[in-house]
Amino acid sequence: MKGSVLFLSSVLVASSMFAISDADLLKEAKNAGLVALPSDQKQVDAMLKEIGVTPNKFSEAKAELGKKLYFEPRLSKSGIISCNTCHNLGLGGTDGIAAAVGHKWTANPHHLNSPTVYNSVLNTTQFWDGRAMTLVDQAKGPIEAEPEMATPAALAVERIASLPEYVAEFKKVYGNEGVTFDNIADSIASFERTLLTPSRFDKFIKGDKKALTKDEKAGLKLFLDKGCASCHTGVNLGGSMQAFEVAGKYQFANIGDFKGDANGMVKTPTLRNITETAPYFHNGAIWSLEEAVKTMGSVQLGIEISDAEAKSIVTFLNSLTGEMPKVTYPMFPRSTDKTPKPEL
């Protein structure tokens, strides 16, 4: 009996791709708010303004400085943790573990999973509870947070300002302002702006109807029909604040104490590169993407998503895996006698 049900589900999933033309599917996707990634920084600025986020002023020099600081371990009190520790660019912009681990091997006290940094500039809000609107504000938080990098702003500035090469670079980029905590965060955010990952899905949204396979189009159709795009919408297919546990209880809600913002709202994770960013959910409790899809059906939509349907949707989600920008690991200035020593 179970085999018959699965067979019928498979037939329904497979047949759905014949129920709509490519042109109509593209129109439906756009009507659901799905948008292609911007192709340059001017388009990033325009898109940020459109979604109500104030962009920081971008320059290549800022981004190059920010790249060094993104990988700079001396921004942490211990001297061994960088932004890349939890948002590893070689691991989909995450750390691949359920809850972030920071200073003195401290696990995140709320058992929160590290979101991907790729494409994060285009989120309408930052952090799981949405407490920051921009990447500039977001970049300050982990540096100062005791369970993360544990570096007070003044110490971060003292460390960077003790290195003549950085002082010269900050002067070149920021003029007489030089090394400030705001400028450290601004430059890191400028580098993060470059971490865009255009995918075959973007080509489809731009009109290339051959960019997706038939099976991926069938999965996209299911994704839309099931209502997934009600939360996973916009350029990042997520990244905005949404209600959680709308239709049912999340079975792993007892892992950690996170309850969202004051109104119980939670930042919806981006689905871009989702196949590379396991584990899933705010507390990293689910490792299977198909299980995550089925859980979202019951928790958010109040529906049962079959194994075959989940597999089809995941097939579509694979098309969101993008081309990662090539990032060369930087060489850092050597410490000086004035550089504050690491504190383990």
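Residues numbered from 1 in each chain as written. Predicted model: local features only at pLDDT ≥ 70, side-chain atom pairs only at ≥ 80, totals over all residues. Heavy atoms only, no water.

The chain has the name Cytochrome c551 peroxidase in an unreviewed UniProt entry, where Campylobacter hyointestinalis subsp. hyointestinalis is given as its organism. You can read under Subcellular location (unreviewed entry) in the UniProt record for the chain the words "Periplasm". (UniProt positions renumbered as here; feature names shortened; annotations may be inferred.)

**Q** Which residues make up the domain arrangement of the chain, and what values do they have?
**A** Taken domain by domain, the chain holds domain 1 (23-38 + 197-319) and domain 2 (42-193). Computed from C-alpha coordinates alone, the two centres of domain 1 and domain 2 are separated by 26 Å. Opposite the 33 residues of domain 1 that make contact, domain 2 presents 28 residues. Across the domain 1 to domain 2 interface the summed buried area is about 2300 Å²; carbon plus sulfur atoms make up 61%. At the boundary of domain 1 with domain 2, the tally comes to zero salt bridges. Along the contact surface separating domain 1 from domain 2 lie nine residue pairs in polar contact (both at pLDDT 80 or more). (Domains from an automatic or database assignment. Contact = heavy atoms within 4.5 Å. Buried area = accessible area lost by both parts, 1.4 Å probe. Salt bridge = Lys/Arg side-chain N within 4 Å of Asp/Glu carboxyl O. Polar contact = N/O pair within 3.5 Å; in protein donor to acceptor, adjacent residues only side chain to side chain.)

**Q** Mind laying out unusual backbone geometry, listing which residues take part and the relevant values?
**A** That bond from Ala278 to Pro279 is cis: its omega, 5 degrees, falls within 30 degrees of zero. Mapped onto the secondary structure, Pro279 falls in the loop between β2 (265-267) and α12 (289-301). Although it is not a glycine, Asn119 adopts a positive phi angle of roughly 65 degrees. As for its placement among the helices and strands, Asn119 is situated in the loop between α5 (83-86) and α6 (135-144). For Asn119, a relative accessible area of 0% puts it in the buried group. A positive phi angle, close to 75 degrees, is found at Phe281, a residue other than glycine. Position of Phe281 among the secondary structure elements: in the loop between β2 and α12. (Helix = DSSP H or I, 4+ residues; strand = E, 2+ residues; numbered from the N terminus. Buried < 20%, exposed > 50% of the residue type's maximum accessible area, 1.4 Å probe, protein only.)

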